[in-house]
Amino acid sequence: MNKLMQVYELLFERFGKQNWWPVSSNNKEFEVCVGAILTQNTAWTNVEKAIKNLKENNLLSKEAIAKVNVKKLANLIRSAGYFNQKAKKLKEFASFDGEVTRENLLNIWGIGPETADSILLYAYNRPTFVIDAYTKRIFSRLGRGEKSYEELQEMFMKNLPENYRLFNEYHALIVRLAKEHCRTKPECGNCPLNNVCQTGKLNI
DNA sequence: TACCAGGTCCTCG
DNA sequence: CGAGGACATGGT
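Everything quoted here is computed from the prediction, not taken from an experiment. (Residues numbered from 1 in each chain as written. Chains lettered and ligands numbered in written order. Predicted model: local features only at pLDDT ≥ 70, side-chain atom pairs only at ≥ 80, totals over all residues. Heavy atoms only, no water.)

Within chain A, the secondary structure is distributed over 11 helices and 0 strands. Starting at the N terminus, the α and β elements of chain A follow one another as α-α-α-α-α-α-α-α-α-α-α. The C-alpha radius of gyration computed for chain A amounts to 18 Å, which stays within 12% of the reference 17 Å derived for 204 residues, consistent with globular compactness. Within chain A, the fraction of its 204 residues that count as buried is 47%. A fraction of 63% describes how many contacts in chain A between residues 6 or more apart in sequence connect residues 24 or more apart. Summed over all atoms, the accessible surface of chain A reaches about 10800 Å², with 47% contributed by carbon and sulfur. (Helix = DSSP H or I, 4+ residues; strand = E, 2+ residues; numbered from the N terminus. Rg over C-alpha atoms; globule rule 2.2 N^0.38 Å. Buried < 20%, exposed > 50% of the residue type's maximum accessible area, 1.4 Å probe, protein only. Contact = heavy atoms within 4.5 Å. Areas by Shrake-Rupley, 256 points an atom, 1.4 Å probe, with all protein chains shown as cover.)

This is how it looks when you write it as C-alpha cells:
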C-alpha cells in the first residue's frame, strides 16, 4: 500500500466516516455549490446560518439567486463573512449557464481552485482532489516544506485510485485531523499519524 | 483581546 | 509568477 493510502487508512481507523457534504435537500447540487462559495475562509457554523436564511427566503435555487437584489442577498448571508463579495460571487455563479468543467468554473469570478474542486467533487461526484489550507499544513508537516496547490493535487491524484468516494472521504478526514490535532499550534499527543509523522517513514 | 476559520481577487515588483 | 493587502462575521 502506498504512503498516501497508509495515511488515509490511519485517519479512517481513528475517525471513521465523516458524511460530507453536510447538507440534505432535494436541491443538493446547487446547495453544495452555495456552501462551497460561502465557506471560503470561513467556519462552517457561520455558513450554516446563512444557508438557513437563504432557505427560509426561498433563495436556495439558481433562478432565485440570479434574480434577487444583491444587497438583500448580502444581508441574508451576513453571518458567513465577506458578505458583499460573497453575494456577488453567488450571483455570478447563479448566472453561469455553461457546462460544468473545472476550466469553466475557474472562469467565473469568485471561484478559485479550491471552490471549483469542491463543487466538482462534492456536488457532481467528479474525482478531483480538493486542496485546502489544512491539506497544505498537514502535508508540509508530514513531508518537507510547502507545496503549491497544483503540486499537492498532482501528488494525490497520481498516487491514489481515481475514486470520488475516496477523495470525498479523504479530504473530510484531513479537515478533521487539522481541527483536532494538526492545528496552527499542533497537538501531537494521541495524533493518529504519530507513527508516520516526523519519523522519515513517509517522506512525502 | 487576539487569533483563527474548509479562499479569492487585485495590485505591484 | 509570488507576496501582500482587502474582504468580515462569529467562536474560543
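This is not the end of the story, as more comes after the structure.
Here the focus is the protein's contact with DNA strand C. In the vicinity of DNA strand C, the residues found are Asn41, Asn46, Lys49, Arg78, Ser79, Gly81, Tyr82, Phe83, Asn84 and Gln85. For DNA strand C, the fraction of protein-proximal atoms (within 4 Å) that sit in sugar or phosphate groups is 59%. Between a phosphate oxygen of DNA strand C and a main-chain N or O atom of Phe83, the distance comes to 3.4 Å. Of all the elements in the fold, those that place two or more residues in the surface near DNA strand C are helix 3 (44-56) and helix 6 (83-94). Here the element with the most residues in the surface near DNA strand C is helix 6; it accounts for 3 residues. When grouped by side-chain class, the residues that make up the surface near DNA strand C number 2 nonpolar, 6 polar and 2 charged. (Near = heavy atom within 4 Å. Polar contact = N/O pair within 3.5 Å; in protein donor to acceptor, adjacent residues only side chain to side chain. Nonpolar A, V, L, I, M, F, W, Y, C, P; charged D, E, K, R; others polar.)

This part is about the protein's contact with DNA strand B. Around DNA strand B, a shell composed of 26 residues is seen, among which Trp21, Gly110, Thr115, Tyr134 and Lys179 lie nearest. Of all DNA strand B atoms lying within 4 Å of any protein atom, the proportion belonging to sugar or phosphate reaches 69%. In this structure, Trp109 approaches DNA strand B through a side-chain N or O atom, which is 3.0 Å from a sugar or linking oxygen. Between a phosphate oxygen of DNA strand B and a side-chain N or O atom of Arg137, the distance comes to 3.3 Å. Elements that contribute at least two residues to the surface near DNA strand B include exactly helix 6, helix 8 (113-123) and helix 9 (133-142). A class-by-class count of the residues in the surface near DNA strand B yields 12 nonpolar, 9 polar and 5 charged.

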